[in-house]
Each structure stands twice: as C-alpha cells, then as structure tokens.
Amino acid sequence: MRVYEATVPGQAEGMRLDKYVSFAFSLLPAPVIRDAFAHRDIKADGKRMNREAAIQAGQKIQVYTSYAVELPVVYEDEHILLLNKPAGISCDADAWGGMTVLSLMTARAEEVYVPRLCHRLDHPTCGLLLLCKDDESESILFKAFKDRTLDKKYQCVVKGEMRPPEALKEAYLVKDAEKALVRIVTHETPGALPIATQYETLRFDGEVSRLRVTLLTGRTHQIRAHMAFLSHPILGDDKYGDRAFNKRYKTTSLHLCATELTLNADGCLAYLNGKTFKIDPPF
C-alpha cells in the first residue's frame, strides 16, 4: 500500500475533499480516487473523511492506494534523469500543495541521491524534463541552461494557418506575478524582457497548424503567450487561448509538448555532448 500526501494551502480552505484530492493528486486516475473513497482510504490529519467534507488550511491529506504513480523515464544514468513529464503535474511545489515531479522522483530515489530540477515545464505542458543527481552535474547544467547552450524544441497545435509558414518573431514580455500571467508588447517598456520565438509549420489541416517551435529565449509562458499575441493561440490553452475554439474542438488539454532536447555540456557530462533526445507528442 502506497501513501500520497498533500498539505492543504490557504486558497483551498473550505473546499470539498473530493475536489481538492482531484487537484492535488492529479496523476491518480479518477477510478483510483473513487476506490480510495469507497474504502475510506483517504484521511485528513490521520482521520478518515467523507468526500463531501470541507477541508481546512494546513491539514495533511493522505491517499492510501495500491496504485503506483510512475513518471516515464526516457534516459537515466549515474548523473542525469530525463523524464517525459505528463501534463497536469507541476515540477515542484505548487498552489495545491500536492503531488509534484520533484516529490515523486525524490521518493523514487529512496535517499540514494537527491534529484534536482535543471529547468521547468508549466503544469499543463508535457514533454522532456531534465533532472540531475549530483552537485557537479547540477552546476554544469545550471550554467548550460543559463547560457542557452542547450537546444530545446517543442511541438504545438495552434489555431489557423501561420503566415509566413516559418519565421523568427521577436517582442517583449511583461510578467504579472500576482495574477500568474504574462503579456506580450511590441516595444520595450519598464519591466519588459525581450523574447525570440522561432517556428516552422509541419502541417496545416484546414483549421489548425502543427508547429515545431524553438525558444531562443526562455521566459515564463513564452510560447503560449507569444502564439496568442500572434493571433494563433495554442489549442486547449484556457489561460491565453480561444475558449470558444477549444470548446468546439472539445478539448481542455494544452497541445504543447517539449519534444527535443540536445545536450551541450562538459566536465562529468562531456559524454553527452551533442546527444539529442526525442519523443513524439501525445496529440
């Protein structure tokens, strides 16, 4: 029997337990959660709770189940761990105080090593996510990401036909930390950061285009916000996208995936220099 834990944040005060569990333990399938409630295997501060119960900030929620959450491993050796992160889970601590990539991989490591995130993907974004296992690897990869010497590519599906079919687009991004949003502007303004997004059209299907995107800068929500600014929002994006269009396509899943990663590193990771990892997007 496995135990998955979450600590209720202030924003979830008064929420129904079943609703909170679905957010905090996003990788537990709905049938698994239903079964756990049916067998009274969900507790708050050690006490069995009904699904309708209102939760309180600071409570520790525990889900007991035989179901094992396993994140797909693309590559692993003594220094690094490359995952295919599913959509719907945060890389590290998020607003729901629940299951994260880092918490799951820390449990998997069983204290043999301490996994560290080398970069992050948004909660609804899936794809290649790189972690490391030791101090030297962390230092090398932190510098590589900071200096933009690693090549990352994404695939996404966007509304409409891109004209031209491939281009490099530049603009400025302004971050609103309180609202957890960004906006794109054409001219430099106070607090704005320059962005550069390169895309090429892989296919146009009459209403949507499949793109390969290369980030020449790596800002918060850059691809999502920049595509929306260009009037080609990503399918399934409820934050920056076209909700009516998403509804017509009957999807709430963000069609954005980190599909390629080429490592350029030295030191103890020199053996990986120039190595490219690829996955297919799930859409």
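A brief structural summary. In this text, all values refer to a predicted model and were calculated from it rather than measured experimentally.

## Here's the deal with the overall build of the chain
Assigned secondary structure in the chain consists of 6 helices and 15 strands. A compact globule built from 283 residues would reach a C-alpha radius of gyration of about 19 Å, and the chain, at 20 Å, matches this within 12%. When the backbone C-alpha atoms are referred to their principal axes, the chain occupies close to 60 × 50 × 40 Å. For the chain, with 283 residues in total, the buried portion stands at 48%. Within the chain, counting contacts between residues at least 6 apart in sequence, those at least 24 apart form 62% of the total. For the chain, the exposed surface amounts to about 14,600 Å²; the carbon and sulfur share of it is 49%. Of note, the chain has its 38 positive side-chain charges centred 6 Å away from the centre of its 37 negative side-chain charges.

## A look at the packing of aromatic side chains
Going through the model one piece at a time under the given rule, you end up with 4 aromatic pairs. Centroid distance Tyr20 to Trp96: 6.3 Å. Interplanar angle 55°. Geometry classified as tilted. Taken together, the residues span a long stretch of sequence, with Tyr20 in helix H1 (residues 17-24) and Trp96 in the loop between strand S6 (80-85) and helix H3 (101-109) at a distance of 76 residues. Judged by centre distance (4.6 Å) and plane angle (5°), the rings of Phe23 and Trp96 are stacked. Placement of Phe23 in helix H1 and of Trp96 in the loop between S6 and H3 is noted, with a sequence separation of 73 residues between them. Residue Phe23 is classed as partly exposed on the basis of its relative accessible area, which comes to 36%. Members of the aromatic cluster, connected to one another through ring pairs, are Tyr20, Phe23 and Trp96.

## Comments concerning helix H2 (residues 30-38)
Buried within H2 we find Val32, Ile33, Ala36 and Phe37. Angularly, the buried residues of H2 cover 135° about the axis, an arc narrow enough to put them on a single face. Looking at the buried positions of H2, the neighbouring elements they touch are H1, strand S2 (42-44) and strand S4 (60-65). Downstream of H2 by one or two residues, Arg40 has phi in the positive range, about 55°.

## Things to note about the pairing of S4
By the bridge criterion, 6 bridges tie strand S1 (residues 2-7) to S4 in an arrangement that is antiparallel. Bridge pairing links Tyr4 to Val63 in S4. Inspection of the sheet shows S2 paired to S4 by 3 bridges, in the antiparallel sense. Directly across from Ala44, in S4, lies its bridge partner Ile61.

## Structural notes on the environment of Leu102
Counting through the fold element by element, Leu102 comes out in helix H3. Judged by relative accessible area, which is 24%, Leu102 ranks as partly exposed. For Leu102 and Arg224, which are 122 residues apart along the polypeptide, the C-alpha to C-alpha distance reads 24 Å. Not counting chain neighbours up to four residues away, the residues in contact with Leu102 comprise Cys91, Asp92, Pro115, Leu117 and Leu131.

## Regarding the nonpolar core
Residues Tyr20, Val21, Phe25, Leu28, Ile61 and Met99 are the most contacted members of the largest nonpolar core, which totals 55 residues. Setting aside chain neighbours within four positions, we find Val21 in contact with Ile33, Phe37, Ile42, Ile61 and Val63. The next biggest cluster of nonpolar side chains, apart from the first, holds 21 residues, and it includes Ile80, Leu130, Leu141 and Ala265.

## Details of the sheet that holds S4
Reading across the sheet, the 4 strands line up as S1-S4-S2-S3 and stay open at both edges, with antiparallel pairing between neighbours. With one partner strand each, in any of the chains shown, S1 and strand S3 (47-48) form the two edges of the open sheet.

What counts and what doesn't
Residues numbered from 1 in each chain as written. Predicted model: local features only at pLDDT ≥ 70, side-chain atom pairs only at ≥ 80, totals over all residues. Heavy atoms only, no water. Helix = DSSP H or I, 4+ residues; strand = E, 2+ residues; numbered from the N terminus. Rg over C-alpha atoms; globule rule 2.2 N^0.38 Å. Buried < 20%, exposed > 50% of the residue type's maximum accessible area, 1.4 Å probe, protein only. Contact = heavy atoms within 4.5 Å. Areas by Shrake-Rupley, 256 points an atom, 1.4 Å probe, with all protein chains shown as cover. Lys, Arg positive; Asp, Glu negative; His and termini not counted. Charge placed at Lys NZ, Arg CZ, Asp CG, Glu CD. Phe/Tyr/Trp six-rings, centres within 6.5 Å; stacked < 30°, edge-to-face > 60°. Arc of directions from axis to C-beta. Pairing = 2+ DSSP bridges. Core = buried A, V, L, I, M, F, W, Y, C linked by side-chain atoms within 4.5 Å.

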